[in-house]
Amino acid sequence: MSPAPRRDGPRDLSPQSESGVPGFQPASVHRGEPFSKTPPARRTGASLLPGPATPDPSARVPLEGFPLHPRVVEILRETGIRELYPPQAEALAPVLAGKSLLLACPTSSGKSLVAYMALVHAALEGRRGVYIVPLRALASEKYQDLEPFRRLGLKIGLTMGERDLSSEELEGIDILVSTSEKVDSLLRHRNPWMDRVGVVVADEVHLLRDPGRGPTLEVSLTRLRRRQRGLQVVALSATVGNSQDLARWLSAVHVASAFRPVPLHPGVFREGVLSFLDGSEKPQPSRGTAVEQLVHGALDEGGQALVFVNSRRSTVSVASALSRGVGARLSEGSRAALQEVLSDLDRVGEEETESVRQLRSLVPHGVAFHNASLTNPERAVVERAFREGKLRCLVATTTLAMGLNLPARRVIVRDTTRYDEALGSPVALPAMEVQQMLGRAGRPRYDPYGEAVLIARDLSEEEELRERYLTAPPENVESRLASVAVLRTHVLALVASGEVRSWEELEDFLRSTYYGQEESIEALGAHLRAARAFLETNGLLRGGEPLRATDFGHLTSDLYLDPVSAVLLRRALSRASPSTPPIAYLATLASTPDLAPLYLRAGEEADMTARYAGLAPALLLKPEEDELLPDFDSFLGTLKTASLLEAWLDDRRTLVEITGTFHIGAGDLRTRVERAEWLLSAMAELARRERRGVARALDLLSLRVRYGIREELSELVLLRGIGRVRSRLLYDAGWRDVATLAKADLPAVSGVLGSPALAEGVLDQARSYHHPSRAVRLPPADRGEA
DNA sequence: GACATGACTATCTAGACAGCATGTC
DNA sequence: CTAGATAGTCATGTC
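Residues numbered from 1 in each chain as written. Chains lettered and ligands numbered in written order. Predicted model: local features only at pLDDT ≥ 70, side-chain atom pairs only at ≥ 80, totals over all residues. Heavy atoms only, no water.

Looking up chain A in an unreviewed UniProt entry gives the name DNA 3'-5' helicase, with the organism given as mine drainage metagenome. We quote the UniProt Catalytic activity (unreviewed entry) comment for chain A here in full: "Couples ATP hydrolysis with the unwinding of duplex DNA by translocating in the 3'-5' direction." (UniProt positions renumbered as here; feature names shortened; annotations may be inferred.)

When you look at the protein's contact with DNA strand B in this model, what are you seeing that I'm missing?
Residues in close proximity to DNA strand B total 37 residues, the closest being Gly 161, His 189, Tyr 599, Arg 675 and Glu 685. Here a phosphate oxygen of DNA strand B and a side-chain polar atom of Arg 312 are 2.6 Å apart. Contact distances for DNA strand B include 3.4 Å between a sugar or linking oxygen and a backbone N or O atom of Asp 558. Taken together, the residues of the surface near DNA strand B break down into 11 nonpolar, 11 polar and 15 charged. (Near = heavy atom within 4 Å. Polar contact = N/O pair within 3.5 Å; in protein donor to acceptor, adjacent residues only side chain to side chain. Nonpolar A, V, L, I, M, F, W, Y, C, P; charged D, E, K, R; others polar.)

For this particular structure, what's the right way to read helix H28 (residues 692–707)?
Over its 16 residues, H28 runs 24 Å from end to end, which matches the ideal 22 Å to within 8%, given 1.5 Å per residue. Counting buried positions along H28 gives 12 out of 16 residues, so the element sits mostly inside the fold. Among all positions of H28, only Val 694, Ala 695, Leu 698, Asp 699, Leu 700, Leu 701, Ser 702, Leu 703, Arg 704, Val 705, Arg 706 and Tyr 707 are buried. Those residues of H28 hidden inside the fold are in contact with helix H22 (563–575), helix H23 (582–590), helix H25 (632–648), helix H27 (666–690) and helix H29 (724–732). Looking one or two residues beyond H28, the residue adopting positive phi is Gly 708, at roughly 70 degrees. (Helix = DSSP H or I, 4+ residues; strand = E, 2+ residues; numbered from the N terminus. Expected span 1.5 Å × (residues − 1). Buried < 20%, exposed > 50% of the residue type's maximum accessible area, 1.4 Å probe, protein only. Contact = heavy atoms within 4.5 Å.)

When you look at the confidence of the model for chain A in this model, what are you seeing that I'm missing?
Should the pLDDT be low somewhere, the predicted coordinates at that spot are not to be read in detail. Looking at chain A as a whole, the pLDDT averages 89, with 91% of positions reaching at least 70. Confidence, read as mean pLDDT per element, is least for strand E1 (residues 28–30) in chain A (45) and greatest for strand E9 (residues 232–237) (98). Predicted confidence for residues 1–41 stays below pLDDT 50, and this span has 98 contacts to residues more than four positions away or in other chains. For residues 773–786, every residue scores under 50 in pLDDT, and the model assigns this stretch 17 contacts once sequence neighbours within four places are set aside. (pLDDT = per-residue confidence, 0-100.)

Where do I start with the environment of Ala 428 in this structure?
Counting through the fold element by element, Ala 428 comes out in strand E19 (residues 425–428). According to the relative accessible area criterion, Ala 428 is partly exposed, its value standing at 37%. For Ala 428, the residues in contact, after removing those within four places along its chain, are Thr 416, Thr 417, Arg 468 and Tyr 469.

Before we go on, may I ask you to explain the UniProt feature "domain: Helicase ATP-binding" (unreviewed entry) in chain A in this structure?
Residues annotated by UniProt as "domain: Helicase ATP-binding" (unreviewed entry) correspond here to residues 92–258. Its end C-alpha atoms 17 Å apart, residues 92–258 is made of 39% helix and 21% strand.

Any chance you could explain the protein's contact with DNA strand C here in plain terms?
Lining the immediate surroundings of DNA strand C are Arg 313, Ser 314, Ser 317, Val 318, Arg 414, Tyr 419, Leu 423, Ser 425 and Pro 426. Here a phosphate oxygen of DNA strand C and a side-chain polar atom of Ser 314 are 3.4 Å apart. Within the contact set of DNA strand C, a phosphate oxygen lies 2.9 Å away from a side-chain nitrogen or oxygen of Ser 317. Listed by contribution, the elements that provide at least two residues to the surface near DNA strand C are helix H10 (312–328) and E19.

Would you take a moment to explain the side chain of Ser 643 for this structure?
Here Ser 643 shows up in helix H25. On the basis of relative accessible area, Ser 643 is assigned to the buried category, the value being 6%. Leave out the neighbours within four places in its chain, and Ser 643 touches Ile 583, Met 608, Arg 611 and Phe 662.

Please explain the packing of H29 against helix H31 (residues 746–753) as it appears in this structure.
Closest axis-to-axis distance for the H29/H31 pair is 9 Å, and the angle between their directions is 130 degrees. The angle between H29 and H31 places the two elements in the oblique class. Read as a crossing pair, H29 and H31 show a hand that is right-handed. Of H31, the residues touching H29 (which contributes Arg 726, Leu 729 and Leu 730) are Val 749, Val 752 and Leu 753. Its residues assigned to classes, the contact of H29 with H31 comprises five nonpolar, no polar and one charged. (Axes fitted to C-alpha atoms, helices over the stretch in contact; angles between N-to-C directions. Parallel < 35°, antiparallel > 145°, perpendicular 65-115°, else oblique. Left-handed = near helix turned anticlockwise from the far one by under 90°.)

I keep staring at the packing of aromatic side chains and nothing clicks. Help me out?
Both the distance between ring centres and the angle between the ring planes are used here to describe each pair of aromatic rings. For the structure on display, the rule yields five aromatic pairs. Taking 4.8 Å as the distance between ring centres and 45 degrees as the angle between the ring planes, the aromatic pair formed by Tyr 85 and Phe 259 counts as tilted. Of this pair, Tyr 85 sits in the loop between strand E3 (83–84) and helix H2 (86–96) while Phe 259 sits in the loop between strand E10 (253–256) and strand E11 (264–270), and the two are 174 residues apart along the sequence. The rings of Tyr 612, Phe 632 and Phe 635 are connected pair by pair, giving a single aromatic cluster. Here the basic side chain of Arg 225 rests over the ring of Trp 249, its NZ or CZ set 5.9 Å away from the ring centre. (Phe/Tyr/Trp six-rings, centres within 6.5 Å; stacked < 30°, edge-to-face > 60°. Lys NZ or Arg CZ within 6 Å of the ring centre and 35° of its normal.)

Please clarify how helix H26 (residues 655–662) should be interpreted in this entry.
Given 3.6 residues per helical turn, the α-helix brings residues three or four places apart onto the same face. Taken residue by residue, H26 has Leu 655, Val 656, Ile 658, Thr 659 and Phe 662 as its buried positions. Around the axis of H26, the buried residues are gathered within 165 degrees of arc, so they sit on the same side. Count one or two residues on from H26 and you reach His 663, which has phi positive near 55 degrees. (Arc of directions from axis to C-beta.)

In this structure, what is going on with the nonpolar core? I would like to understand it.
Side chains of a nonpolar character, in soluble globular proteins, are inclined to be buried together. Counting 82 residues, the largest nonpolar core has Tyr 585, Leu 589 and Leu 698 as its most contacted members. No other element matches H27, which puts 11 residues into this core. If you count residues domain by domain, this core takes at least three from each of domain 3 (484–547) and domain 4 (563–708). Setting aside anything within four residues of it in sequence, one finds Leu 589 in contact with Leu 569, Leu 595, Ala 676, Leu 679, Leu 680 and Met 683. The next biggest cluster of nonpolar side chains, apart from the first, holds 64 residues, and it includes Val 434, Met 437, Ala 452 and Ile 455. (Core = buried A, V, L, I, M, F, W, Y, C linked by side-chain atoms within 4.5 Å. Domains from an automatic or database assignment.)

Below you can see the structure in the form of structure tokens.
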């Protein structure tokens, strides 16, 4: 959806040419013995404590010492890389020898370069490679970083989200950059390209511990490794407690290091004084809150500041509290630069959003906020402005810590707790997460050092923060495979794609997962039986052996649906008729686990209960009748989601009005809409097999959800460049279908759309438009547009 | 009289990945 | 069962 944000490229990986780089720890290299019986060491990873300050000029290793292709060295030189950091050098040697590697070190210490070299080196030897990343934004970034290597004749591919590569396109690809779910999908579809992969890079592999998405990566890596003995795996991890365990699982050389290209000064702020771990202290400007003092202090020293808070509301309020002081510290030149940011913001979307309104009042002061209520293009504008130094201060939620590396001289983590809904109270953040945020301190090439600051109210809190987050190593990475929901999905996928054909093969597979290394798979027994019972009872798997998926099971796995979602969609379809109203379908989607429900605010419960009473007769699924549905209270939240989507279908309602009514951000609406559109097309696909009469209605609804339009606009919207806003303009100007529009003259259309170039393009399309014989079918060209 | 300040209270709480298969009016 | 920030409301204080 969003254009890939511009990045600095691999140059960031180059050692700083100016100042000496003090304070790195020599990399500890450990040849991980495959399948060794020695018990794994627990939580031995480095903390944020800087290593002994031993500036060693010989630490940087010239590229010439490595068996790299001369033209690779040449390309690296052109991007500014002549030498390697110590951990890069430690890691590169085994990688170029074809060995697997687990590299655990801090953000921005140059892990990616090692991965790029592994992929390029292998590709030049004729071995295909995949670069697996957890986020779309990272996929775009890596893809762009690999761009220069095309000159070696290598074909680089990118696949994520709706962005598919045809099998012909894929065939010529040497290096594929992909999100982990997309890799999983390629494996499920038994894509033949995957058969000849010789090297796999797993970025941010510590995300294996994420309960939602970790298992997908774990299963994919297991599948790839089982498929090919001797597959080279290059796993990149943040600093974690037990990276040796991961290395052992992957039979990989283990390289761990606390090295950072820019030294990090961790510290705690209390009562006006910033005390660093090394014992030094820095008084801060005395006015305002702790965050204000710290931000103003950083700015006065010429750095940028990044503040992490634990709620979206706080990102806005803290940014606004900071705006006066930060604005007062701006130079004339930077004021002018901020005007450019303002105009970037105006170009970010056809429809105004609440976030843009708020940003407009903050940006002139050199401050902005960043959270998931922003749309992707909005985030990209903010990120770029901060990276270019135009914004002096950014207040963000974890969006920023998870995604692109956006470093700043001083990082301030204001909140170290997060509200846990299940618990009903705040819980302390894991050290890994806090260190991930703190680790963003220090911009390579711009900052001589980085300052990572926590805030304490009193002495005891200060000690607690130091102990928990600064001096202790981060948590261990543990597998999250042991869950019925996870096994339901992956057992189905493994069976449907033919990876396992018997109970025994499944157990064998599970034994070769990371879970299987760390735990006895006997412990999975109860989960497995429950998962299997669900899949068999609901007609996704046939009973008995050999294990086989039904047609429905195959379709579910291929569509990448959660099995529970698939069952719910099918149940709903069996009760649907041509007169089923859209809200009934929308409520069905919203009650599947594939669409996250909205939070129900105080007072909305009554509204939704009333809405439920009115809608109940029309609903396809009712919570009191369906054991797979959430309980009644949660169902009201899903009804709110359905109501949101219904509001979106009325293009006469503005974005600001809709998001205001439902108390959400435009970014939240976007993600719901994307998911809903996809679920609807999956439902239409099911309908084509089981309920033909409603398939067409679902296709239409899917199109309407995609664009957020009333039915009357569903034809105009098929023209490229025409969406929710413009189709309404055209329609209200009297061009209600493509045929009528084709007869319009350019100046008139241009006047309505406000752009001659756009009008011309649209008229060209309209004049060559062929009416589809079917009601609604998206032209292939219109799909897959990012 | 306009507005600043403070006390008290009700309300709310991070993030983001994934698409089959062409056989019909 | 456990918290804490924020926004809104209302009262009081200040020029």
